2 protein chains.
Amino acid sequence: MRVITDRLIDKIKETGNPTVAGLDTRIDFLPESMRARLDGGEDIENALVEFNCGILDALKGIVPAIKIQSAYYEMYAHYGVRAMYRTAAHAVQNGFVVMADVKRNDIGATAEAYAAAYLGANGYDYITVNPYPGYDGIKPFVDSCVANDRGIFVLARMSNPSAAQLQNLIVDGEPLYMRVGALIEEWGGALVGENGYSAVGAVVGATSPEEARKLRERFKTVFFLVPGYGAQGGSGATAAAAFDANGNGAIVNNSRGIIAAYMTEKYKGMTYDKAARAAAVDMREDLANALKRR
Amino acid sequence: MRVITDRLIDKIKETGNPTVAGLDTRIDFLPESMRARLDGGEDIENALVEFNCGILDALKGIVPAIKIQSAYYEMYAHYGVRAMYRTAAHAVQNGFVVMADVKRNDIGATAEAYAAAYLGANGYDYITVNPYPGYDGIKPFVDSCVANDRGIFVLARMSNPSAAQLQNLIVDGEPLYMRVGALIEEWGGALVGENGYSAVGAVVGATSPEEARKLRERFKTVFFLVPGYGAQGGSGATAAAAFDANGNGAIVNNSRGIIAAYMTEKYKGMTYDKAARAAAVDMREDLANALKRR
């Protein structure tokens, strides 16, 4: 059986780069020229789309996937939401696997509405989901994965400093994130594809390599989306823990480090899109080296 | 000090009704006449707003607050989002306390964007928030509560059948929801208002009265938003556990039971708005009786 994660794995092999570029597009990441004439919501919408499309065109063939962080679009209400869908449409046209980082969660009936919104006909290849409501809040998303060949990444061990506050609490002698990992494996049990990974993945931060290693070791069919590389302190070396022995099983997100690379010393003088491409190429090398060194 | 929860409590006393009407507006709840000519997103947007405004006009003076379930609007992308904001504007004009049920959650920097979106100048009085990321994902929301006189309800013990799967796991001899309750109390510690309740509340389902009783007993400054009444199986009797000895400290949500009351046998023959009003009046009585009988 082929699932969406097989397509993602093919794309990763094609580009040789297990990186997902995060479009956490903030107005202050836009070059001066794009920021100059923002007069109201429609201008902001168009500027976000223009910036994102420039990034996408530059990253084509370099990264297999992009992840849109919904929060930065929801800030601009319906204009932002339209910018998000327009960005996704351009990404689909250009062959990227498209993830929406929405971290949605609710009781069953309402989760159905979210699943229809984000994994339906006009939806994304993958979205992120929060496990706190338990299975009946997850099932509608899993059902949509089956019906529409989509995938989800369920939060297991996040990358932020206080992630441990709940996620590392000890339950029956093991941290909560391991319990969540077991549930994620179970929830995706019927959706394991030809590469051995299911359409129900887990979010596992690059900032907690010990946790990533434990999760990787135990849950062999669960593909990992790995945030926290770069600005949050994760590196190729720490992210490497999320990969299996063959260097598969994970994709590492980098947002600011790619889309705002032109604002840093290292890529100074380059246009934002060229800098993004250079940063994505450098990250490909960093990850490849880290995986070799293990 | 006065916080948003004092305003909510005043409104509850004014109407004698600790009920929040949930605008989980689905197209199939709309009367035939409003559904007849839905040709694309703008028609849907206008129909949702027309229906909601009818409900709001009918509930004025009967319920103190309304809660908009974001999922049912996000289904219609930017059209739905605009319908949500337009509904909220009408609710504000008519003096309702306005909650947006968005269950947002993310790492700190991204939670800031969500807080700006939903608790900023054009935001809502309250939103719901998921605690899984821990404090740095909550802090931006709390900061917005302070800056803009807003409030949040953090998921503690939800109303859905599988809520117990994670929320009742035992941590240090106590269920996880009690640990989350303690965090919620701590997070709102500086925001306790003149009525003794803070702007950082908890979501506690009407379907689990035992859990509600334990949370109510221990966390005296935490105000509860109580979903699960009606369609999900909760009743006045089970919701009563969420209230303090004075009959304060909680507000009970009812969505379908109010906005789609006209579709049930009990309110048959009434228009949808009149039926909503009648159902809200009946719920007021049900809750008052349940609180008396304790």
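Our subject is the structure listed above.
Here goes a summary of the coordinates provided. (Residues numbered from 1 in each chain as written. Chains lettered and ligands numbered in written order. Predicted model: local features only at pLDDT ≥ 70, side-chain atom pairs only at ≥ 80, totals over all residues. Heavy atoms only, no water.)

### So, the packing of helix H6 (residues 108-119) of chain B against helix H7 (residues 135-148) of chain B
All names here are of chain B.
Point 1. Running from amino to carboxyl end, H6 crosses H7 at an angle of 35 degrees, the nearest separation of the two axes being 8 Å. The two elements H6 and H7 meet at a crossing, and its hand is right-handed. Facing Gly108, Ala111, Glu112, Tyr114, Ala115 and Leu119 of H6, the residues of H7 in contact are Asp136, Gly137, Pro140, Phe141, Ser144, Cys145 and Asn148.
Point 2. Partitioned by chemical class, the residues of the contact of H6 with H7 number 7 nonpolar, 4 polar and 2 charged. (Axes fitted to C-alpha atoms, helices over the stretch in contact; angles between N-to-C directions. Helix = DSSP H or I, 4+ residues; strand = E, 2+ residues; numbered from the N terminus. Left-handed = near helix turned anticlockwise from the far one by under 90°. Contact = heavy atoms within 4.5 Å. Nonpolar A, V, L, I, M, F, W, Y, C, P; charged D, E, K, R; others polar.)

### Quick word on empty space enclosed by the protein
Point 1. Evaluation of the coordinates by the stated rule reveals 4 cavities of 30 Å³ or more.
Point 2. In this model, the largest cavity occupies a volume close to 110 Å³.
Point 3. As for the largest cavity, its lining consists of 15 residues, and the residues nearest its centre are Glu74 and Val81 of chain A together with Glu74, Val81 and Tyr118 of chain B.
Point 4. At 4 residues, helix H5 (residues 77-93) of chain B tops the list of elements feeding residues into the lining of the largest cavity.
Point 5. Grouping the constituent residues of the lining of the largest cavity by class yields 10 nonpolar, 1 polar and 4 charged. (1 Å grid on protein atoms, 1.4 Å probe; cavity = no way out; pocket = protein on both sides within 12 Å on 5 of 7 lines; lining within 4 Å. Points joined across faces, edges and corners; volume = space filled by probe spheres on them.)

### Regarding the side chain of Ser159 of chain B
Point 1. Along the chain, Ser159 of chain B falls in the loop between strand E5 (151-157) and helix H8 (164-167).
Point 2. Note on Ser159 of chain B: relative accessible area 6%, which makes it buried.
Point 3. A distance of 2.7 Å separates polar atoms of two side chains, one belonging to Ser159 of chain B and the other to Gln232 of chain B.
Point 4. Contacts of Ser159 of chain B, omitting those with residues within four sequence positions, involve Ile107 of chain A together with Gly205, Thr207, Pro227, Gly228 and Gln232 of chain B. (Buried < 20%, exposed > 50% of the residue type's maximum accessible area, 1.4 Å probe, protein only. Polar contact = N/O pair within 3.5 Å; in protein donor to acceptor, adjacent residues only side chain to side chain.)

### Details of the relation of the copies chain A and chain B
Point 1. Rotating chain A by 180 degrees about the axis while translating it 0.0 Å along that axis superimposes it on chain B, leaving an RMSD of 0.0 Å. As the rotation angle and translation indicate, the two copies are arranged about a two-fold axis. In terms of proximity to the rotation axis, the leading residue of chain A is His78 of chain A, whose C-alpha is 2.2 Å off the axis.
Point 2. Mapped onto chain B, 100% of the interface residues of chain A again fall at the interface, so both copies present the same surface. (Least-squares fit on C-alpha atoms with pLDDT ≥ 70 in both.)

### A look at the side chain of His78 of chain A
Point 1. With respect to the helices and strands, His78 of chain A occurs in helix H5 (residues 77-93).
Point 2. When its relative accessible area of 11% is taken as the criterion, His78 of chain A is described as buried.
Point 3. Ignoring any residue separated from it by four or fewer positions in sequence, one finds His78 of chain A in contact with His78, Val81 and Arg82 of chain B.

### Focus: the nonpolar core
Point 1. Residues Leu8, Ile127 and Ile152 of chain A together with Leu8, Tyr124, Ile127 and Ile152 of chain B are the most contacted members of the largest nonpolar core, which totals 233 residues.
Point 2. Here this core takes 10 residues from helix H13 (residues 272-293) of chain B, the largest share from any one element.
Point 3. Ignoring any residue separated from it by four or fewer positions in sequence, one finds Tyr124 of chain B in contact with Ile68, Met84, Tyr85, Ala88, Val98, Ala100, Tyr118, Leu119 and Arg150 of chain B. (Core = buried A, V, L, I, M, F, W, Y, C linked by side-chain atoms within 4.5 Å.)

### Points about helix H9 (residues 176-187) of chain A
Point 1. The end-to-end C-alpha distance of H9 of chain A, which contains 12 residues, comes to 16 Å, matching closely the 16 Å that a straight helix rising 1.5 Å per residue would cover.
Point 2. All of the buried residues in H9 of chain A are Leu176, Tyr177, Met178, Val180, Gly181, Leu183, Ile184 and Trp187 of chain A. (Expected span 1.5 Å × (residues − 1).)

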